[in-house]
Amino acid sequence: MEDFVGRWIAGNDRHTTATIEIKSVDGHLVVCAIDGSSGELAEIQGLTSWNEEVRFAAQWSSGQTSNYRLLQSDGRLVVHVTLSRTDYFKRDLNADGTYRWRSGILHIAPGHSAGGSLRRAIRSSGRTDDVISFRDNLSCGPIGSPESSARARWWASIYDEYDEYDVDFDGFWKQIMSTSDRLVVWVGRHSAQEHAFFLALVDHLGDRPYDIIDVTGLQMPLTRPDGKPRLSNPTQAVSLMSETELALLFGTERAMTTKEREEAARRWRTLKSENAPFRIVADSGLVSAPADVFDELLLERASKDWRKVARVIAETMGHNMEPYIQVGDLMLLTRIVALVDQGKLMAHGDPWLMRECEVRLPD
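What this report covers is the structure whose coordinates are included nearby. Counting starts from 1 at the beginning of each chain's written sequence and moves along it residue by residue. Totals for whole chains, interfaces and linings use all residues, but because this is a predicted model, local features are given only for residues with pLDDT of at least 70 and pairs of side-chain atoms are given and counted only at 80 or more. Excluded from the side-chain calculation are hydrogens and water; included are all heavy atoms of the structure.

## Some remarks on the overall build of the protein chain
Helix and strand definitions here come from DSSP, where helices need a minimum of 4 consecutive H or I residues and strands a minimum of 2 consecutive E residues; each element is numbered from the N-terminal end. A count of helices and strands for the protein chain gives nine helices and 20 strands. With the principal axes as the frame, the protein chain shows a C-alpha extent of 80 × 45 × 45 Å. Per-residue accessibility, obtained with a 1.4 Å probe over protein chains only, is compared with the maximum for each type, and a residue is labelled buried under 20%, exposed over 50%, and partly exposed between these values. Expressed as a percentage of its 363 residues, the buried residues of the protein chain come to 47%. For the protein chain, restricting intrachain contacts to residue pairs at least 6 apart in sequence, the fraction spanning at least 24 positions comes to 55%. Summed over all atoms, the accessible surface of the protein chain reaches about 18400 Å², with 48% contributed by carbon and sulfur. Counted as positive: Lys and Arg. Counted as negative: Asp and Glu, with His and the chain ends omitted from the count. For the purpose of locating charges, the reference atoms are NZ of Lys, CZ of Arg, CG of Asp and CD of Glu. For the protein chain, the separation between the mean place of its 42 positive charges and that of its 53 negative charges on side chains is 3 Å. The contact criterion used is simple: two residues touch if any of their non-hydrogen atoms lie within 4.5 Å. All accessible areas in this document rest on Shrake-Rupley with a 1.4 Å probe, and a residue is counted as covered only by the protein chains that are shown.

Here is the structure:
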C-alpha cells in the first residue's frame, strides 16, 4: 500500500478538484480529502484498502457524500468519484523528490474572487495551504436573524438565478469553527463587503485563535513601463489584488489584540441590532445606511436621454469607488428598479434586465 502514500493533486491542475492525502500510520492508511474550491476537509467514512485499491466515502458539511475508488496506473492515481467521473492525479513532490504535505494553514478569503486569487498565489508560491471563501455579502440585506437560511431566502427573493438551496452558508461557519488548522483571515476594510465579512467573522470566532492580514492602505511595489519602480495606489480590498501582490504578503499575518477583537465584535452586534438595508464604509468604520443611500448617485448618472441600465450602474460604480468600495452591481440594480417604481426613472423594457433595458429621467 506504500504506492498510495503521498499528497495527490489533479494532473490537469484543476484547483476545484479535491486534493487527496494518504499516510501510513502504524501499518494502517489514513486518508484526508480536501475540497479544492472551499478548502474544506471531508469526514472520511468506510475506509477500506487492498493491495491494488483504496475505497472510502467523503462526507462534506453540505451533507453531500462522494464515494472514492482509488487505483494505481503508471505512477498516477486513478480516482473514480461516485461512479460518474474519473480523474487522474499526480503525486505532489518537492523539488528534491520528497513528499509534500498540506501545511495545516487555512486562509479565509472575504469572497469568491479573493479566494480564487489567493489559491493562485498559493500555487505559484509552491505552498500547500488551503483556502475557504466566504460566499455571502453582508454589506447589504437583513442581518438580524441568527439563521443563515434567512440570508439565503433574501438573496433568492431578489435574484432569480440564485438558488437558496444551492449555497451552504452554515457549512462555512461549521468548518472554520471545527477545523484544527491555523486560520489566517484576509480583509480590506475599505470595501464594505470585506469589512462586513470581517466584523461578522470576528464576532463569530470569539476566542478561537487566528491571525489576520489586513491589506487596507498597503502600497505594493510595481514597475513602471520604463522599468523604474513605483508603488501602487493604497489598497482597498483583497479582491482587487493580483496573485503576485498577494503572494508577497504570505508570512506577514499578525494576531489581533483583545481590544481589537472586542471593538470589532461590538460594532457588528450594533449593526445587527440596527439591521439596516445597507452597511457602508465611513471614516469611523462600517455604519448602517438606508435603502436609498445610493439613489442620488444613480440619478446623477442618468439623463434625459435613454441609457442602458448597465451603463448607468457601471458609471455609478466607476465614479464612486474612492476612497471606499461601497456596493456591487446587483444591489444597484435593485435600486434602479425601485426608482422606476417610484417614477423617478422611466424604463423602456424590464429594468431587471440591465443589459437590455434603457432608462432615463422623466420629463
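Additional details are given in the paragraphs that follow.
## Remarks on the packing of helix H8 (residues 309–318) against helix H9 (residues 329–341)
Interaxial distance between H8 and H9 falls to 10 Å at its minimum, and their mutual angle equals 120°. The angle between H8 and H9 places the two elements in the oblique class. At the point where H8 passes H9, the crossing takes the right-handed sense. Along its contact with H8, which presents Val-309, Val-312, Ile-313, Thr-316 and Met-317, the element H9 presents Asp-329, Leu-332, Leu-333 and Ile-336. Here the contact of H8 with H9 is composed, by residue class, of seven nonpolar, one polar and one charged. Angles shown run from 0 to 180 degrees and are taken between the N-to-C directions of axes, each axis being a line fitted to C-alpha atoms and, for helices, limited to the stretch in contact. Between 65 and 115 degrees an angle is taken as roughly perpendicular, under 35 as roughly parallel, over 145 as roughly antiparallel, and anywhere else as oblique. When the near helix sits turned anticlockwise from the far one by under a right angle, the crossing is termed left-handed; a clockwise turn instead gives a right-handed crossing. Residues are grouped as follows: Ala, Val, Leu, Ile, Met, Phe, Trp, Tyr, Cys and Pro are nonpolar; Asp, Glu, Lys and Arg are charged; all remaining types, including Gly, are polar.

## What to know about the nonpolar core
Looking at soluble globular proteins, one finds that nonpolar side chains tend to be buried together. By convention a nonpolar core is built from buried Ala, Val, Leu, Ile, Met, Phe, Trp, Tyr and Cys residues, the set being connected through side-chain atoms within 4.5 Å. Of all hydrophobic cores here, the largest spans 30 residues; its most connected members are Ile-108, Phe-172 and Leu-201. Counting only elements with at least two residues in this core, the list comes to strand E9 (105–109), helix H3 (169–178), strand E11 (182–187), helix H4 (192–205) and helix H6 (258–274). A per-element tally of this core places H4 first, with nine residues. Excluding its chain neighbours within four sequence positions, the residues that come into contact with Leu-201 are Ile-108, Phe-172, Trp-173, Ile-176 and Val-185. Among the nonpolar cores identified, the runner-up in size contains 28 residues, and Phe-169, Leu-333, Leu-345 and Val-359 belong to it.

## Here's the deal with the pattern of salt bridges
For this document, the term salt bridge refers to a Lys or Arg side-chain nitrogen within 4 Å of an Asp or Glu carboxyl oxygen. Per the counting criterion, the structure on display carries 22 salt bridges. Asp-136 is the partner of Arg-151 in a salt bridge, and the nearest nitrogen-oxygen pair spans 2.9 Å. Of this pair, Arg-151 sits in helix H2 (residues 148–158) while Asp-136 is found in the loop between strand E10 (130–133) and H2, placing the two residues 15 residues apart along the sequence. Of the residues examined, Asp-136 reaches a relative accessible area of 5% and is grouped as buried. For Glu-315, the salt bridge is made with Arg-301, and the minimal N-O distance between the two is 3.6 Å. On the criterion of sequence distance, the pair formed by Glu-315 in helix H8 and Arg-301 in helix H7 (residues 295–301) is long-range, its members being 14 residues apart. Taking the relative accessible area as the measure of exposure, Arg-301 reaches 21% and is therefore partly exposed. Counted as one network, the salt bridges with shared partners bring together Arg-7, Glu-21, Asp-92 and Arg-100.

These values are about where atoms sit, not about what they do.
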